[in-house]
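# Inside the fold
Chain by chain, the residues:
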Amino acid sequence: MYRFLLTPRWWGINVFVVLAIPVCIFMGSWQLGRFEDRVQDHESAKAQARAQADEQGAGGRHTKARPLDALLPVDQETSGEQATATGRYGEQLLVPDRQLDDKRGFYVLTLLRTDDGKSLPVVRGWLPGDADTAKAPAAPKGEVTVTGALQASESPGSNGVSAAGGLPRGQLGAISSASLVNLVRDDVYDAWVTLAKADAGMKAVPAAAPSNTGLDLKAFQNLGYTGEWFVFAGFVLFMWFRLFRREAEVARDARLGLLPDAAQAAPKA
């Protein structure tokens with residue numbers, strides 16, 4: 001009754017099923033692993049952010065700061081680490097529309113020109129209200145050594161960073177070397193620092209969690225793909241069973257002479 005399973009057509013179907021189901025299960029398991037990795041990264045980032053917040057609250061006394069060059073380039077491991085750099089403050093810019101403690105305000109960013117001839121964006125603190133140069137305190141004169149949390153360059157439209165252009169002169173939308181390249185003559189580090197202890201009259205800006213560590217759209221895409229691959233595996237098995245049952249019913253009907261074609265082909269008495 002089941003001799004149709006030995007036909008070339010069914011050999012092809014069976015080989016496809018035998019290969020497709022393990023592939024679907026493997027891909028589903030891989031996507032699930034990716035989702036679990038992102039969840040783990042998210043938890044690690046939260047713990048790291050809490051530790052960094054505690055460190056900033058303690059004025060950076062608990063963790064020994066390392067030289068800036070030893071922490072570059074910024075990655076998930078070095079983001080938020082305490083960095084130190086020496087130089088002289090130069091041009092000052094304001095970064096509007098930044099929230100702190102659920103209040104709207106702006107960052108005061110000053111470029112620190114290091115001995116290497118490159119400028120490091122330093123967020124010296126946060127002030128409430130609209131960005132106003134009259135509110136921002138002047139940077140210290142002479143050579144200074146700054147200590148703060150290392151941060152990766154921002155991207156417009158992410159982490160609350162405004163993507164709007166056309167800002168007034170002296171204001172900056174996203175803290176990044178790409179945004180600063182046309183505003184300053186020096187080369188700019190592809191990183192920035194937020195001071196562990198803000199300058200007088202300002203609040204310290206907490207370090208942000210490293211990028212691509214949150215439960216964002218990509219994480220839930222991985223979870224969605226996990227479900228899709230397992231559904232594909234179930235669908236392949238369901239279709240195989242449906243085809244098998246249909247073929248078995250046809251073979252049975254043919255054997256019993258219930259098919260019209262079989263009746264016509266049967267010899268007359």
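All values reported here derive from a predicted model rather than from experimental measurement. One numbering rule holds for all chains: residues counted from 1, following each sequence as written. The predicted nature of this model means local features are confined to residues of pLDDT at least 70 and side-chain atom pairs, given and counted, to a pLDDT of 80 or more, with totals for whole chains, interfaces and linings taken over all residues. For the side-chain quantities, the full set of heavy atoms in the structure was used; hydrogens and water were omitted.

### Re the layout of surface pockets
- Every definition here rests on a 1 Å grid over the protein atoms only: cavities are sets of points where a 1.4 Å probe fits but cannot get out, pockets are open sets enclosed by protein on both sides within 12 Å along at least five of seven lines, and lining residues have some atom within 4 Å of a point. Grid points are joined across faces, edges and corners, and a volume is the space filled by probe spheres set on the points. Space inside the second largest pocket adds up to approximately 190 Å³.
- In terms of lining residues, the second largest pocket is bounded by Glu91, Leu93, Leu167, Pro168, Arg169, Gly170, Gln171 and Leu183.
- Residue composition of the lining of the second largest pocket, grouped by class: 4 nonpolar, 2 polar and 2 charged. All residues other than Ala, Val, Leu, Ile, Met, Phe, Trp, Tyr, Cys, Pro, Asp, Glu, Lys and Arg, Gly among them, are scored as polar; the first ten of these are nonpolar and the last four charged.

### So, the pattern of salt bridges
- What counts as a salt bridge is simple: a side-chain nitrogen of Lys or Arg found within 4 Å of a carboxyl oxygen of Asp or Glu. One pass over the structure, following the stated rule, counts 7 salt bridges.
- Here Glu247 and Arg9 are joined by a salt bridge, their closest N and O atoms 3.4 Å apart. Of this pair, Glu247 sits in helix H4 (residues 217-256) while Arg9 sits in helix H1 (residues 8-57), and the two are 238 residues apart along the sequence.
- According to the relative accessible area criterion, Glu247 is partly exposed, its value standing at 24%.
- For the exposure calls, accessible area comes from a 1.4 Å probe over protein chains only, and a residue counts as buried if that area is under 20% of its type's maximum, exposed if over 50%, partly exposed in between. For Arg9, a relative accessible area of 49% gives the class partly exposed.
- Linking Arg104 and Asp130 is a salt bridge whose minimum nitrogen-to-oxygen distance equals 2.7 Å. Pair noted here: Arg104 is in strand E3 (residues 103-114) and Asp130 is in the loop between strand E4 (118-128) and strand E5 (143-151), with a separation of 26 residues, a long-range link. Starting at the N terminus, helices and strands are each numbered in turn, a helix being any DSSP run of H or I of at least four residues and a strand any DSSP run of E of at least two.

### Thoughts on the side chain of Ser176
- Looking at the secondary structure, you find Ser176 in the loop between E5 and helix H3 (177-180).
- Contacts described as polar in this section are N or O atom pairs within 3.5 Å, which, within protein, must combine one atom able to donate a hydrogen with one able to accept it, while residues neighboring in sequence count only if both atoms come from side chains. In this structure the side chain of Ser176 is engaged in a polar contact, spanning 3.0 Å, whose partner is the side chain of Ser179.

### What about a negative patch on the surface?
- On the surface, Asp69, Asp115, Asp116 and Glu143 cluster together to form a negatively charged patch.
- For Asp116, a relative accessible area of 52% puts it in the exposed group. Like-charged residues within 9 Å of one another, or nonpolar side chains (Val, Leu, Ile, Met, Phe, Trp, Tyr) within 5 Å, are grouped into patches, provided each residue has over 30% relative accessible area and no salt bridge. A 1.4 Å probe and the Shrake-Rupley method give the accessible areas. Residues count as covered only by the protein chains that appear here. Charged residues are defined narrowly, with Lys and Arg counted positive, Asp and Glu counted negative, and His plus the chain ends left uncounted. Charged side chains are reduced to one point each, which is NZ for Lys, CZ for Arg, CG for Asp and CD for Glu.

### Quick look at the packing of aromatic side chains
- Stacked, tilted and edge-to-face pairs are distinguished by plane angle, under 30 degrees for stacked and over 60 for edge-to-face with tilted covering the rest, among Phe, Tyr and Trp rings (Trp via its six-membered ring) whose centres lie within 6.5 Å. Summed over all chains, the structure comprises 3 aromatic pairs.
- Ring geometry for Trp10 against Trp240: centres 6.2 Å apart, planes inclined by 85°, an arrangement best described as edge-to-face. Highlighted residues: Trp10 in helix H1 and Trp240 in helix H4, separated in sequence by 230 residues.
- Consider the rings of Trp229 and Phe232, whose centres lie 5.7 Å apart with planes at 90°: the pair is edge-to-face. You can see Trp229 and its partner Phe232 sitting in helix H4, 3 residues apart, about one turn around the helix.
- We classify Trp229 as partly exposed; its relative accessible area is 24%.
- An aromatic cluster of at least three residues, connected via ring pairs, comprises Trp10, Trp240 and Phe244.
- Positioned above the aromatic ring of Tyr189 is the side chain of Lys118, whose terminal nitrogen or guanidinium carbon lies 4.5 Å from the ring centre. By definition here, charges over rings are those cases where NZ of Lys or CZ of Arg is within 6 Å of the ring centre and within 35 degrees of the ring normal.

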